[in-house]
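Structure at a glance
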Amino acid sequence: PLVIPSPVDLIADSKAMQEVLEKARLLKHQLHLNVMILGESGTGKEIFARFLHQQEGHSSRPFVVVNMPAIPSSLMESELFGSEKGAFTDSKASRPGKFEVADTGDIFLDEIGDLPMETQSKILRTLQEKTVERVGSTKARNVQFRVISATNQPLADLMSHGRFREDLYHRINEFSIRIPDLRERKEDLMLFANNFLDVANAELSKSILGFDNETINLFQSYGWPGNLRQMKNVIRYATLLAKGKYITLNELPEEFKQNGHNQNLTYEPLRNE
């Protein structure tokens, strides 16, 4: 399998992902093109964005991640564009925003479908003019960056309902790539499983060697609605419970075992505190 060295571990042995990588290679040195990454939740869109950044081969280029749903709407503007001292209550020092920090590099706008309408016009202006104005300032700062966006939402539907600007959509979607879900990547499935097992062993100080045949068969027949994120949680959970050399059906979450072919499985994954 093709594994991209740290900091990006991109497993891509399947035909579906090989086709994606062929498209990705076309983007090398095409930094004037903004890229849209499409795909279901949990398919690894941020990992792929990091791969696009890393393939340029310049370690000094910034890579800035903006997780849209995690930013309160009241702080969105200052987070993206920065703020000057005294621009608002508790603003005790000037600070740059995400776009300014991303100057000369890449900025990854994750789940851009959650971007508030009132912010979209300001982002569009930033992309068109390649300048940013901090909150509380009238000075325009020149910036140069590539935008890599990601979404699991149908932006066409959002546009038809007036929730996403069409002009912004065309600005950020100059080249699109869809990351296939895990159901389309059967050749990669156990490669991912073994990789997540290595991670879980290291995190939990365990030394599980692998999976028994029944578990492998279940993994391969299951639909994985939560994709890679779900698989990582299932394997971490099972690794913690495992007492033998191999993970068996007994260590899998109960609902996973009972509904092995249910596409709508939900369970409470083990989480880091």
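As a convention, each chain's residues are numbered from 1 in the sequence order in which they are written. In keeping with the predicted nature of the model, local features appear solely for residues at pLDDT of at least 70, side-chain atom pairs appear and are counted solely at 80 or more, and the whole-chain, interface and lining totals rest on all residues. Hydrogens are left out, water is left out, and the side-chain values use all remaining heavy atoms of the structure.

Okay, the pattern of salt bridges next. Each reported salt bridge corresponds to a side-chain nitrogen of Lys or Arg within 4 Å of a carboxyl oxygen of Asp or Glu. Applying the stated criterion to the full structure yields 16 salt bridges. Two residues, D167 and R165, come together in a salt bridge whose shortest N-O distance is 2.7 Å. Of the charged contacts, one joins R178 and E184 as a salt bridge, the two residues approaching to 2.9 Å between their closest N and O atoms. Exposure categories follow from relative accessible area, calculated using a 1.4 Å probe and restricted to protein chains: below 20% of the type maximum is buried, above 50% is exposed, and the middle band is partly exposed. Look at R178 and you get partly exposed, because its relative accessible area is 45%. Owing to a relative accessible area of 34%, E184 belongs among the partly exposed residues under this scheme.

Turning our eyes to something else, we now look at the packing of aromatic side chains. When two rings of Phe, Tyr or Trp (its six-membered ring) have centres within 6.5 Å they constitute a pair, described as stacked for plane angles under 30 degrees, edge-to-face for angles over 60, and tilted for the intermediate range. This structure, assessed with the given rule, holds eight aromatic pairs. On the numbers, 5.3 Å between centres and 35° between planes, the contact of F99 with F145 is tilted. In this pair, F99 sits in helix α4 (residues 98–101) while F145 sits in the loop between β7 (141–142) and β8 (146–151), placing the two residues 46 residues apart along the sequence. Its relative accessible area of 4% is what places F145 among the buried residues. Aromatic side chains F219 and W224 sit 5.2 Å apart centroid to centroid with 75° between the ring planes, which places their arrangement in the edge-to-face category. Both residues of the pair, F219 and W224, belong to the buried class. Linked through ring pairs, F211, F219, Y222 and W224 together constitute an aromatic cluster. Note on conventions: DSSP H or I runs of at least 4 residues are helices, E runs of at least 2 residues are strands, and numbering of each starts at the N terminus.

Counting buried residues in strand β5 (residues 106–110) gives five out of five residues, a clear majority hidden from the surface. Residues D106, F108 and D110 line one face of β5 and the alternating positions I107 and L109 line the opposite face, and both faces are buried. Pairing between strands requires that DSSP locate at least two bridges from one strand to the other. Pairing of strand β2 (residues 63–67) with β5 involves five bridges; the strand directions are parallel. Bridge pairing in β5 places V64 opposite I107. Sheet topology note: the β5/β8 ladder contains four bridges and is parallel. Directly across from F108, in β8, lies its bridge partner I148.

So, to be careful, I would describe these as geometric facts and stop short of saying anything about function.
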